[in-house]
Structure formats: structure tokens, C-alpha cells
Amino acid sequence: MQQETPKQIRFVGKLDPDFVQKMWRGWKKVKFEEEMDPQFAEKVASYPGCNTLFDCIQCGTCSGICPMGSFMEYAPRKIVGMIRAGFKGEVLTSYTTWLCASCYACTVECPKNIKITDIMYALKQLAIKEHMHPRRLPIPVLARQFFEIVKKFGRNNEGKVVINMYFRTNPLLPLRNLIMGIKLYLRGRIAFTQDKIQNIPQLTKILNTVKM
Amino acid sequence: MSYLYYPGCCCSMKASGKAYEESLMAVLKKLGVTLEELKDWNCCGATMYMAIDQMQAFGMASRNLALAEQQCPNKTPELMAPCSACYVVMNKTKHFIEDYKEQVGTPIRNALKEAGFTYTGKTKVRHPLDILVNDIGLDKIRQHVKKPLKGLKVASYYGCLLVRPYSEFDDVHYPRSMDNLMEALGASSLEWPLKTRCCGGSMTGTVEDAGLRLSYIILNEAERRGADVVVTACPFCQTNLECFQQRIQRKSKGGISDLPILFFTQLVGYAMGIPERELGFHRLFVPFHFSPKQVVTEGVE
């Protein structure tokens, strides 16, 4: 009996200290208040349409209805909860906001009329502003290409935006999509000429005034 | 009846949705509607611009609304936007300018004023489906039908942005307007639950696996319910469901067979007896064939 007790203790002690430190990552989920950003929720709520964020009852309707929900690391309900708790880093670096296809299903279904799609837009803007968006995801790259082309010319060119995105993310992908491109071209469904608006200075003036 | 016409650039008229413009023009011409293109229109900003800078996106869209007011000073300008994304973005801009006066309304109005516009917010943004069903009316369309599509099972796919989030002319959860239009053409419309489910949007180009998966769900359900053809109202949905169909078939290991995807205007024009070439049928990846005789005998059996 006397021998068994130390054995048991030794067994408990042998529960590998390395395991706790290296293998088990549960401690990463536990955060101290100092590590969170208490102002984050208010920052998000300051965007137009996002102030209903605090009404959320965490029912999960948004996560259930979201067509992209199964691809996200945090579903919309969790994102709203995390914003309110102040998990700024996790929220802004996650893929979730960028996977939102903005189909407005959650906005329509929400029992508390929270505009979740607009919250996602606010998070996207915040992530771009603070350079925290996921680097290797093509979606922010596409958004940026679209933004720059439209800002410059006033109109968009589908083919140009897509080709630019491919060269910035995965240069081999255009080869894979070449057949599709040729098929589209033969049917006259893709254009390579850049359309422009006539009064570009006027548009630039509007955009610059709004920015300030 | 006359409307201002906003063609939209990102996906529709000069690019992958060319057939939509061709068929829409042919149908409206036949119904006696005159269109006037909005002069010097710019991109609406779509969903991408909003992700980078929302305020600038509102500025872009509101320029179109202000241009419409400038072009029609004496009456309420009705701006027809055929692309669902343009339609929803311009509607959203209108709503946000009214609903969030301090955050959005005032800066946008100031910016427009500095650029030499007066914005009153009287521009109405309309969708061709809304115009066909509510302004022209199903009775008038019924009179124009020359080739009734008897026996054709049509799955109406509205896409996500047509009725959401601001249901201007139809129910948010289970819209019926396109089904009624198809029934007016003599076709039988299919009741199916995925009418407003998202097709993946630009996801098929960026995160291909996810985007194709969403399109697959829609195609699979339409086929399972016995649809002969799927009609859409959005150039993005049409591109996703049709051009990527072969790739979806390969990924789902033959889970779905060829299903023609048409714009609803193409089918309206077809029933009205407009030649196929004018409706852009030659631009389709999956050809659409319909022979009423064969279908009628099937129905008798």
C-alpha cells in the first residue's frame, strides 16, 4: 500500500509537463482581460447600421441560415459574441468575414433585426485598415484589385480584375482557367477593353470629399 | 412607359451577362417600353468596394442616383438596374442615406453638393422583373405570347440579392413574382425551397471549392425536382450555375446532368416568338432546346 501511493503520485506528476505546454492548446482559448480590447465592440458599432450589435441574444439563427457557415472558422453567432467580448485579434485575422458572400440571409432572418452583413462589412474594413486580414486568402486581393480599378476608371473590367488577382495569388491558376476563358471569349462574354467614364474628376472629388 | 437604364459593368452588360442585355432590350422593345441610358454612369461599387471603404461605396452609388435626378428633372426618375448586385447596392445606399442621416446622409449630401449635384432622394431603383410583373402586367404579356411553353418545367431561381434585404416588390422568404411570370408564358413553375439561396457569388473565382459547393446544392435540388430549365435574374448566378457546370459535374463525379440556365428575359422573349439569335441563345454554354409537340404527347400519355 505504501508503495502504491507514491506510484500514483508519480503517475500524476508524469502527466508530461511538455504536453501541457506544447501539445494541449486549450490555454490559448483562455484570455485575461488585459489581452482583450474592451473598446472593440464600440468601434465596430460606430459603423452605420452596426449599433444593433448589442441586441444579440445569441440564438444562432444566423449561423444556421448562413450558406458559407460550414466553411467558416467562427460562424456568425460566434463572431458577434466574440466582438462583444473583445476578441479583436481573433476576429480580425479570421477567414470568417472574408468568406461572407453578403447574401443578407442572416440580416433578413435575425429575430432582433441585427444587420449582420453590415457588421461583416465593418469587420472587413477594420481588418484592411489595421492590416490584419489573412494574407494568403485571394478574396481581399480581389477586393483590392476591384477597388483600385473602379476608383481609377469609374467602371470595372471583369477579366482584368480576375487576371490581376490570379497573378497576385496563384499564377498557375490562369492556366487552369484558360479553357473557360477561351470559351467565354468565343461567345463574346468577356471583354478586355477598359471602359471609362467621361467625368472622372467629378467622381474622384466625391470620393475624396466623403473620405475626409 | 419610359425608364432610365443603368446597364452596370461588373458582371452584366458588356461582359458575361451580354445575353441578358440583348434579351431584355428585345423584350422591352416588343412590349413598347422606351429606355434611355443613364449618361456617364459609373460602377455601383458592388459588394467588393464596400469591403474596402463603405463610405466611398455609398458615394459611388449615390452619384448614379444624382445623375438620374439630373437627367429627369421634371418627373420621378425610375432607374432600371438589371443586375441584382447593382439593384441592391443602389437601394441600400438610398436606405442608408435616409436611415443614418448623421453617419451617412450628411457627408454624402455634402460630397454630392461639392461635385455640383442636388440630391433629393427621389430616384426610384427598379428591377426589370418588377417592371415586367407590376408595371406592364401579366395580362399584357399573356397577349404577346406566341409560342406557349406548355409542359416546360421551370425552376425560378431569384438569387440572394433580388429580394433581400429590402423586399421592394416581393416576399423575402418565398418570392412568387417570377413563378407567376413563367406561368403566364404557359410553363409550369416548380415549387422548390432554394429560390433565394446564395450561389456563391465571386467565391467560385476565389475559394473555388466553397463556391462550387454552393452552386452544386442549387443545381442538384433543381434537377432532383425534375426541372427542365433554371431561370435566373442575376448575371452572377447565371455565370456560376452555367459556366462552372462542367467543373461541378467533374467534382461531384457525375452527380448532376446538363441543365440549361437562362435569364428570365430570354425565356419571355422565346415565348413571344423573338428569334433566338436576338435573345443571345448562341452565348449559352449548355444549349436550350424546347419542342412543344414532343412535350404535348408526353402529357397525353
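Please read these numbers as outputs of a predicted model, since none were measured by experiment.

Participant: Tell me about the interface of chain B and chain A, and please be specific about residues and values.
Facilitator: Between chain B and chain A, the contact holds 68 residues from the first and 59 residues from the second. The three residues of chain B that bury the most area against chain A are B:Ile52, B:Gln56 and B:Phe285, which together make up 11% of that side's buried surface. The partner of B:Lys92 in a salt bridge is A:Asp118, with the nearest N and O atoms 2.6 Å apart. Applying the counting rule to chain B against chain A returns 21 residue pairs in polar contact (both at pLDDT 80 or more). Only helix H2 (46–52), helix H3 (54–71), helix H4 (84–99), helix H5 (101–114), helix H9 (203–206), helix H10 (208–224), helix H11 (235–243) and helix H12 (245–251) of chain B provide two or more residues apiece to the side of chain B that touches chain A. Partitioned by chemical class, the residues of the side of chain B that touches chain A number 37 nonpolar, 17 polar and 14 charged.

Participant: I'd like a description of the environment of A:Pro140, backed by residues and values.
Facilitator: Assignment of secondary structure puts A:Pro140 in helix H11 (residues 138–153). Here the alpha-carbon distance between A:Pro140 and A:Cys56, two residues 84 residues apart in the chain, equals 27 Å.

Participant: So, the domain arrangement of chain B: which residues are in play, and what are the values?
Facilitator: Residue and element names in this part refer to chain B. Per the domain assignment, the segments making up chain B are domain 1 (2–126) and domain 2 (146–300). Put simply, the middle of domain 1 and the middle of domain 2, counted by C-alpha atoms, are 26 Å apart. Listed as interface residues are 25 residues of domain 1 and, on the opposing side, 27 residues of domain 2. Summed over both sides, the interface of domain 1 with domain 2 buries roughly 2,200 Å², with 69% coming from carbon and sulfur. Looking at the side of domain 1 facing domain 2, the largest losses of area belong to Tyr20, Ser84 and Tyr87, adding up to 24% of the total buried there. Between domain 1 and domain 2 we count one salt bridge in total. With a shortest N-O distance of 2.8 Å, Glu22 and Arg283 are connected by a salt bridge. Summed over the shared surface of domain 1 and domain 2, the number is four residue pairs in polar contact (both at pLDDT 80 or more).

Participant: For the sheet that holds strand E7 (residues 229–232) of chain B, give the residues involved together with the corresponding values.
Facilitator: Residue and element names in this part refer to chain B. With parallel pairing, the four strands of this open sheet are ordered in space as E6-E5-E7-E8. Of all strands in the sheet, those with a lone pairing partner are strand E6 (188–189) and strand E8 (261–263), marking the two edges. With two bridges joining them, strand E5 (residues 153–157) and E6 adopt parallel strand pairing. Its bridge partner lying in E6, Lys153 is registered against Ser188. Each of E5, E6 and E7 touches helix H8 (residues 177–184); the most contacted strand, E5, lies at about 155 degrees to it.

Participant: Could you give an account of the domain arrangement of chain A, with specific residues and numbers?
Facilitator: Interface size is commonly expressed as the accessible area that is lost once the parts come together. Residues and elements named next belong to chain A. When cut into domains, chain A gives domain 1 (33–134) and domain 2 (135–212). When the two sides are added together, the surface that domain 1 and domain 2 hide from each other amounts to roughly 680 Å², 65% of it contributed by carbon and sulfur. It is Trp98, His133 and Pro134 in domain 1 that bury the most area against domain 2; as a group they hold 63% of the surface buried on that side. At the boundary of domain 1 and domain 2, one finds zero salt bridges.

Participant: Explain the sheet that holds strand E3 (residues 78–80) of chain B to me, and be specific about the residues and the numbers.
Facilitator: Residue and element names in this part refer to chain B. Taken together, four strands build an open sheet; the order of strands is E2-E1-E3-E4 and the sheet is parallel. With one partner strand each, in any of the chains shown, strand E2 (34–37) and strand E4 (124–126) form the two edges of the open sheet. The average undirected angle you get between the axes of adjacent strands in this sheet is 40 degrees. With three bridges connecting them, E3 and E4 associate as parallel partners. Bridge pairing in E4 links Met80 to Arg126. Strands in contact with helix H1 (residues 18–30) are strand E1 (2–5), E2 and E3; relative to E1, the strand with the most contacts, it is inclined by about 165 degrees. In this fold helix H6 (residues 128–136) packs onto E1, E3 and E4, with an angle of close to 90 degrees to the strand it touches most, E4.

Participant: Help me get a handle on the packing of H3(B) against H4(B), residues and values and all.
Facilitator: All names here are of chain B. Where H3 meets H4, the axes come as close as 9 Å, and the angle between the chain directions of the two elements is 105 degrees. On the basis of the axis angle, H3 is roughly perpendicular to H4. Contacts from Gln54, Phe58, Ala61, Ser62, Asn64 and Leu65 in H3 reach Val89, Met90, Lys92, Thr93, Lys94, Phe96 and Ile97 in H4. A class-by-class count of the residues in the contact of H3 with H4 yields seven nonpolar, four polar and two charged.

Participant: Lay out the nonpolar core in plain terms, naming residues and giving numbers.
Facilitator: Counting residues in each nonpolar core, the largest one holds 127 residues, and the members touching the most others are B:Leu181, B:Phe264 and B:Phe288. Setting aside chain neighbours within four positions, we find B:Phe288 in contact with B:Leu152, B:Val229, B:Pro260, B:Leu262, B:Leu267, B:Tyr270 and B:Phe281. Formed by 27 residues, the second largest nonpolar core is a distinct cluster that contains A:Cys62, A:Cys100, A:Met120 and A:Ala122.

Calculation criteria
- Residues numbered from 1 in each chain as written.
- Chains lettered and ligands numbered in written order.
- Predicted model: local features only at pLDDT ≥ 70, side-chain atom pairs only at ≥ 80, totals over all residues.
- Heavy atoms only, no water.
- Contact = heavy atoms within 4.5 Å.
- Buried area = accessible area lost by both parts, 1.4 Å probe.
- Salt bridge = Lys/Arg side-chain N within 4 Å of Asp/Glu carboxyl O.
- Polar contact = N/O pair within 3.5 Å; in protein donor to acceptor, adjacent residues only side chain to side chain.
- Helix = DSSP H or I, 4+ residues; strand = E, 2+ residues; numbered from the N terminus.
- Nonpolar A, V, L, I, M, F, W, Y, C, P; charged D, E, K, R; others polar.
- Domains from an automatic or database assignment.
- Pairing = 2+ DSSP bridges.
- Axes fitted to C-alpha atoms, helices over the stretch in contact; angles between N-to-C directions.
- Parallel < 35°, antiparallel > 145°, perpendicular 65-115°, else oblique.
- Core = buried A, V, L, I, M, F, W, Y, C linked by side-chain atoms within 4.5 Å.
- Buried < 20%, exposed > 50% of the residue type's maximum accessible area, 1.4 Å probe, protein only.

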